[in-house]
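# Understanding the architecture of this molecule
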Amino acid sequence: MATLELEVAEEAVTQPVHKGRRLGMLFWTAIGWLIFVFAVAIFATVLPLPSPTDMDMLERRAPFSAEHWLGTDGLGRDELSRLIYGARISLVVGVCAPVIGLVIGGALGMLAGYFRGRFESMVVGSMDVLLAFPPLILALAVTAYLGQSIFNLTLILGLLSVPAFMRVARAATLTLARREFVIAAQALGATHARILLRELLPNVMLPLLAFFLLGVAVIIVVEGSLSFLGLGVPPPISSWGSMIGEGRESLDVAPRLAFLPAAAMFLTVLSFNLVGDTLRALTDPRQGAL
């Protein structure tokens, strides 16, 4: 018996260590890249960079040099400066749009999963209607109608992300709504608002935040697609997608103009996916005992 208890104690002590090891070097490399991208985007104005909009037609498609570390584009603008300032647009849209989906979709999903009945049917039905439209086509149509701006682009992409967040929040709420701590709170006379905010929300937020990182990656790709098609942010503002679209005209003479922003977008999206997948696996309510 003493040996069995010792083995159980050792397993309980070593379990957090195994969970920490599951993160791995790839996870921390992705974290490091995201920190670097956010840092250069936030502090772009204090970095010793030329203006991303200053043109020099005599320096068109200039190669790498001490003055232009990544060369210049087809209009003589510094490529490194445009890449860093473009990260600002891609990250602002990529982060703010999922926040809209997180707030609206998360609230609707929790309410639908907790109250059930007709309210759940109405919410799920409305989300199914929204999902019936091809998201990229709908984003193209609405952006073309409302006009090109960061606000309009962020708003439409945020609304398109609401159904996905609603489903995640509803699934998590359905899993937790019949757990012992919720039943105990109901037996003690807690109100619906208290149960939703104090009992369910802290547990539902974990899978939602993990899904939020995956949503950021998807939104960055969608924003890049719209900018590539010319329906993203208006010029002279640049994002990674618009830089790729402009660089395709120079693929024969300067392919780096398209490959550099594409590589930056690829690494950023990959990092968000790696971090989001890892956190989703660690916060999966089906693996917990709460």
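Everything discussed here concerns the structure shown above.
The sections below set out a description of the structure shown in this document.

What counts, and where the lines are drawn
Residues numbered from 1 in each chain as written. Predicted model: local features only at pLDDT ≥ 70, side-chain atom pairs only at ≥ 80, totals over all residues. Heavy atoms only, no water. Helix = DSSP H or I, 4+ residues; strand = E, 2+ residues; numbered from the N terminus. Contact = heavy atoms within 4.5 Å. Salt bridge = Lys/Arg side-chain N within 4 Å of Asp/Glu carboxyl O. Buried < 20%, exposed > 50% of the residue type's maximum accessible area, 1.4 Å probe, protein only. Axes fitted to C-alpha atoms, helices over the stretch in contact; angles between N-to-C directions. Parallel < 35°, antiparallel > 145°, perpendicular 65-115°, else oblique. Left-handed = near helix turned anticlockwise from the far one by under 90°. Nonpolar A, V, L, I, M, F, W, Y, C, P; charged D, E, K, R; others polar. Core = buried A, V, L, I, M, F, W, Y, C linked by side-chain atoms within 4.5 Å.

### Describing the environment of Ala-44
Mapped onto the elements of the fold, Ala-44 is located in the loop between α2 (24-42) and α3 (79-115). For the pair Ala-44 and Tyr-85, spaced 41 residues apart in sequence, the C-alpha separation works out to 6.7 Å. With residues up to four places along the chain from it excluded, the contact list for Ala-44 reads Leu-49, Ile-84, Tyr-85 and Arg-88.

### Quick look at the pattern of salt bridges
According to the stated counting rule, one finds seven salt bridges in the structure shown. We note a salt bridge from Arg-77 to Asp-73, for which the minimum N-O separation is 2.9 Å. For the residue pair Arg-77 and Asp-73, the accessibility class agrees, reading buried in each case. We note a salt bridge from Glu-246 to Arg-77, for which the minimum N-O separation is 3.5 Å. Here the residue Glu-246 occupies a position in helix α10 (residues 240-247), and Arg-77 occupies one in the loop between α2 and α3, the gap between them amounting to 169 residues. Judged by its relative accessible area of 9%, Arg-77 is buried.

### With respect to the packing of α3 against helix α4 (residues 117-132)
How two helices sit against one another is set out by the angle between their axes and by the gap between those axes. Between α3 and α4, the least distance of the axes is 7 Å, while the angle of their chain directions is 140°. Here α3 is positioned oblique relative to α4, judged by the angle of their axes. Crossing angle aside, the handedness with which α3 passes α4 is left-handed. Note on element contacts: α4 touches α3 through Gly-117, Phe-119, Glu-120, Val-123 and Met-127, opposite Leu-108, Leu-111, Ala-112 and Phe-115. In the contact of α3 with α4, the residues fall into seven nonpolar, one polar and one charged.

### Considerations on the nonpolar core
Note that soluble globular proteins tend to have their nonpolar side chains buried in a common cluster. Of all hydrophobic cores here, the largest spans 41 residues; its most connected members are Leu-200, Val-204, Ile-220, Trp-240 and Phe-272. Counting only elements with at least two residues in this core, the list comes to α2, α3, α7 (162-176), α8 (180-187), α9 (192-228), α10 and α11 (256-282). Counting residues per element, this core draws most heavily on α9, at ten residues. With residues near it in sequence (within four places) discarded, Trp-240 still touches Val-37, Leu-83, Gly-86, Ala-87, Ser-90, Pro-261, Ala-264, Met-265 and Thr-268. Core analysis: the second largest hydrophobic core is formed by twelve residues, Ile-89, Ala-139, Leu-226 and Val-233 among them.

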